[in-house]
Structure formats: C-alpha cells, structure tokens
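Fold and contact review
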Amino acid sequence: MESKTVMERYKELCSYLSRVYNIHLVDHHLDDVDTRGTENLIIDILRKDIIARRLASLVMMGQWDGAKSNHRRRLFCGKQCWDVGRGGGGDGMVLVQGRGEYDQRDLPVLIRFLMSNWNRLLEFPPETEHISLLREYEFEVSLVVPSYGETTALLQRQMKKWYKHCKDPEKVEVILVDAGGRSEGRRNGPDDDCNDFLVMGGMDGLSDDSSWGCVRVLEYSGGGGRGSCLNYGAAAARGRILTFCHLDTTLPREWDGKVRNVLLGCGENVVAINGARDNHRGSGNVSRRGEEAIVRVNACAFGFGIDTSKEGLGNGPYPPGIRAVETTANIRTHLFVLPYGDQALSLTKAMFDFLGGFPDQCLMEDYELVVLLRKRAAFFKSPTSSFGYQEVLKIVPGEPALCSPRRWQKFGVLYVTFMNSKFINLYCGGLGPDQLYKLYYGCDPPKRKSELSPWEEELQKILSAND
C-alpha cells in the first residue's frame, strides 16, 4: 500500500466524496443547506463504501492515545501535531499545540466530523440493514485456502479430510487460491515436490463424494504474499461466512456447523453480564433489557492442535516436546483470545468487508486482523455503554484444528518456538512484513505487480477519470 500523509489521504477522501457522491467542501463547511442531512449521508456512505471507509480510517490512524489518563486524541497533519482534549470551560473540544490552545475549527471540517462521529462509525451495522445481501449468498460457508508451491497429493488428502469432517458439504463452497511458487520452490525446503501443483483436469479424487456446494481453483498472480492472496479469494467468495484455512490444517468434525452456530447463533450463547450467567438460543444476538446489551460474535477460531497421527507424521519422526507447544499455544488462545491463522479464523463476509479484509502484506496478516478484532471486542465491551451491544472474539469449544507437524519435524521444537517468538517480537517492535519475510524464508517476498492495493487502484481510476 502506498505511504501517504494524513492530509494527502484527507484530500483524497474529499475528492472521492465530491466525485462519487457530489458532496463538496467549501471554506471548511459542508456545501449543503441541509447540513444535518448531509452528515447523516456521509455516515451512511462511510458505513457501506469500502473505499471511503478505508480513507477515513487512514485519516484517523494514530489519533487515539488510550493510554493517557485524559483520553486525548493525537492528530498529525503534515509536520503539525495537536492533542485534542476537552476544554476546561465546558464540553467543547479544543486543540492543544505546545502551550497554546486553538479552536477546533482550525481543523479541516471533515476531520472534525470524523472525530465527532468516529465511535458511531466503528459500529458494525446489523445484517438487517443490508437484507438484500442475504439473498446474494449462494452458500452458508466459503472455505478459502491459499496455496503456494504445494503438491497435488497434499491438496487431495486435505480435501478428503475437510469433506469427511463437514456436516453439510452441499452448503459449503471451497475456494483454492493458487498463488504459484512452482519455480521458486516451496518455503519449507527443497524436499517438497513443487512441480506437481494443482494439475487437475477436473475434481476427480478431491473427495469421496461430489456433493460439495462448489469447488473453484483461482489463479492469483498479483504477488505480495498471503494477505493479498486471501483477500483475492474472499472477494470471489459467495458464502455468508468466510473460513480461512491453511492447506496443511485439518478441520475438526462438523466444523462448518460449529462455525455457523457461533457466528449466526444457531446454537447456545452463554453470556455473563453483571455477574449473572444467562442462556439464550436462537438469534445469535443476545438481547437483554435495562443495563444489558446485545452480544455479537465478530469472529471465531478453533483451538490449536498438531496432527501427530501416523498419517500426520508421514515418514517423519515424532518431534519431542510437541505437546508442550500445543499447551502453550492453547494458553495463548484461550487466556488471551489470540488465535493465529492455522486455527481457521472465521467471520461473516459482511464483517470481513466492513473491516477491509486482511492487510495487504506478505506476513503477519492474520495477526493484524486478529489484533483488530480483539481491539473491537475491548472497545465494545461495556454492557452499559452507549453502543447498546458488545462484541466478542470467540474460540469454538470442542475439538481443535490440527496443523501439520512438518515444521517441527524439520527444525525441531526449540528452534521453531524460539524463532516464532523472535519474529513476533521483531514485528511488534516495528520491523516491516517484507523485511520479516526475508529473515524468515531467506528470500524476497513474491513480487507485486503493482505497488498499489486493489482498492487504491480503483480509487486512482475514479479520481483521474475527469482529470
């Protein structure tokens, strides 16, 4: 994604609203007699238009400093920086720059509008507001699987397992995203056969039955790594729920039914509010009167497991200490609600699109999306807040998803555990995903066809259409 300043993104947002929706800003004011109506229109646009919402998010990035006791917003505009807090004389917002105070009107009008309405814009609109979308879903679940330099043998073996463990395969769409990797060689080393990749004249042998709702193989040549690859598959998905699964991950029995139960509320929701536990069935949104709120599951994932069965180990050894890896990973998963990509992260397509999908980066895209979901869960936490609902990221109870032991077989438990922790710390310390990829795999990430993300390319087409 192209790096631009806040003010550059702000100008793009203003231009986009002007070109697409005929909303103009003149002398720091909305050029409309019905200002309130225009504000409501902008809110509706930002909730439904992915490009406008991305631009607004980039404008607002880094402005909220929740660690400060005064809960001020920090706004960066070029080389200027303001702390925005409450004025001593009332509820009005003031800008604090150095030792002087400036009126909030010194800020561009649209930034003032975003700051005033940001909490409202963060709310995920219920699907009932987009009831037409429900008629567009052809399947209950879309299983999106990225593949880079994998063998057909592994693909066929995993497809059989996913099918065997699927409750309602006719309601499931499988999307296999072929990201290439045949000439580069697989990242796990030269021992893998990289030449026999998705060579299929049909779908024979991919399942014991042909009753999948649909199986599609999409060729992705845009480069950029797994984040853009996953977004490509998600954009083509026709299911109401998206389940992102690594090719070497084995899903638990009735995985599709469990995901539907958690996200759509077909099962039982147990919610503790004000110290009381209450069981609810049916809607998926737990409604309570008075001080209690609706609870929405924004995403879910399975527990973590490693396939140490005879088939899972193949011809390799049983890695000593592998059970300790499972234990510590599940402590992270259940105690901190921090699942990783090999635990089959699932969320509704509406939520995925609302959040903007995975970040367009080659590594740590799953980590970034889960961190965002956790932040939303923390933000929409209080049952007595003005939002009227809570969000939770849920770990599906029961059987875990099983990932392949091949990394631990090849490098050993201690080495893999140390390197995983090291790279997470490096990433959190500011090392970029491309640099991290080079360290992790010893080569450059897959080359991008364009330095712009797909949404930025679409934005540039719109902004340059009448130039």
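Details of the structure are given in the entry above.
Below is a short write-up of the structure. Just so it is clear, the structure is predicted and the values come from calculations on it, not from any experiment.

Parameters at a glance
Residues numbered from 1 in each chain as written. Predicted model: local features only at pLDDT ≥ 70, side-chain atom pairs only at ≥ 80, totals over all residues. Heavy atoms only, no water. Phe/Tyr/Trp six-rings, centres within 6.5 Å; stacked < 30°, edge-to-face > 60°. Lys NZ or Arg CZ within 6 Å of the ring centre and 35° of its normal. Axes fitted to C-alpha atoms, helices over the stretch in contact; angles between N-to-C directions. Helix = DSSP H or I, 4+ residues; strand = E, 2+ residues; numbered from the N terminus. Parallel < 35°, antiparallel > 145°, perpendicular 65-115°, else oblique. Left-handed = near helix turned anticlockwise from the far one by under 90°. Contact = heavy atoms within 4.5 Å. Nonpolar A, V, L, I, M, F, W, Y, C, P; charged D, E, K, R; others polar. Patch = residues over 30% accessible without salt bridge, like charges linked within 9 Å, V, L, I, M, F, W, Y side chains within 5 Å. Areas by Shrake-Rupley, 256 points an atom, 1.4 Å probe, with all protein chains shown as cover. Salt bridge = Lys/Arg side-chain N within 4 Å of Asp/Glu carboxyl O. Buried < 20%, exposed > 50% of the residue type's maximum accessible area, 1.4 Å probe, protein only. Core = buried A, V, L, I, M, F, W, Y, C linked by side-chain atoms within 4.5 Å.

A full pass over the atoms with the stated rule returns 14 aromatic pairs. Between the aromatic rings of Phe352 and Phe358, the centroid separation amounts to 5.6 Å while the plane-to-plane angle is 65°, which identifies the pairing as edge-to-face. Between the NZ or CZ atom of Arg332 and the centre of the ring of Tyr340, over which it lies, the distance is 3.7 Å. Above the face of the Trp408 ring, Arg407 is positioned so that its terminal group lies 4.7 Å from the ring centre.

What follows covers the packing of helix H14 (residues 413-428) against helix H15 (residues 433-441). H15 packs onto H14 with a crossing angle of 160° between their chain directions and a minimal axis gap of 10 Å. Relative to H15, the element H14 is oriented roughly antiparallel. When the axes of H14 and H15 are compared, the crossing they make is right-handed. For the pair H14 and H15, the contacting residues are Asn420, Phe423, Leu426 and Tyr427 in the first and Pro433, Leu436, Leu439 and Tyr440 in the second. Residue composition of the contact of H14 with H15, grouped by class: seven nonpolar, one polar and no charged.

Turning our eyes to something else, we now look at a nonpolar patch on the surface. Where nonpolar side chains cluster on the molecular surface, the patch consists of Ile331, Leu335 and Phe336 and spans about 320 Å² of accessible area. Tracing the backbone shows Phe336 in helix H10 (residues 322-336). Owing to a relative accessible area of 47%, Phe336 belongs among the partly exposed residues under this scheme.

This part takes up unusual backbone geometry. A positive phi is found at Asn22, a non-glycine position, where the angle reads about 60°. For Asn22, the location among the structural elements is in the loop between helix H1 (6-21) and strand E1 (25-26). Of the residues examined, Asn22 reaches a relative accessible area of 57% and is grouped as exposed. A positive phi angle, near 50°, is found at Val337, a position not held by glycine.

What follows covers the environment of Pro169. When you line up the elements, Pro169 lands in the loop between helix H6 (152-164) and strand E8 (172-178). It is 9.2 Å that separates the C-alpha atoms of Pro169 and Val141, two residues lying 28 residues apart in sequence. Each residue touching Pro169, except ones within four places of it in the same chain, is listed here: Tyr163, Ser211, Trp212 and Gly213.

Core analysis: the biggest nonpolar cluster contains 30 residues, and Phe244, Leu345, Phe352, Leu369 and Leu373 have the highest contact counts within it. Contributing elements (two or more residues each) for this core: E8, helix H7 (226-236), strand E10 (239-244), strand E13 (294-306), helix H11 (349-355), helix H12 (365-379) and strand E15 (389-403). If you tally residues by element for this core, the top one is H11, at five residues. Grouped together as the second largest cluster of nonpolar side chains are 29 residues, Leu46, Leu58, Val59 and Met60 included.

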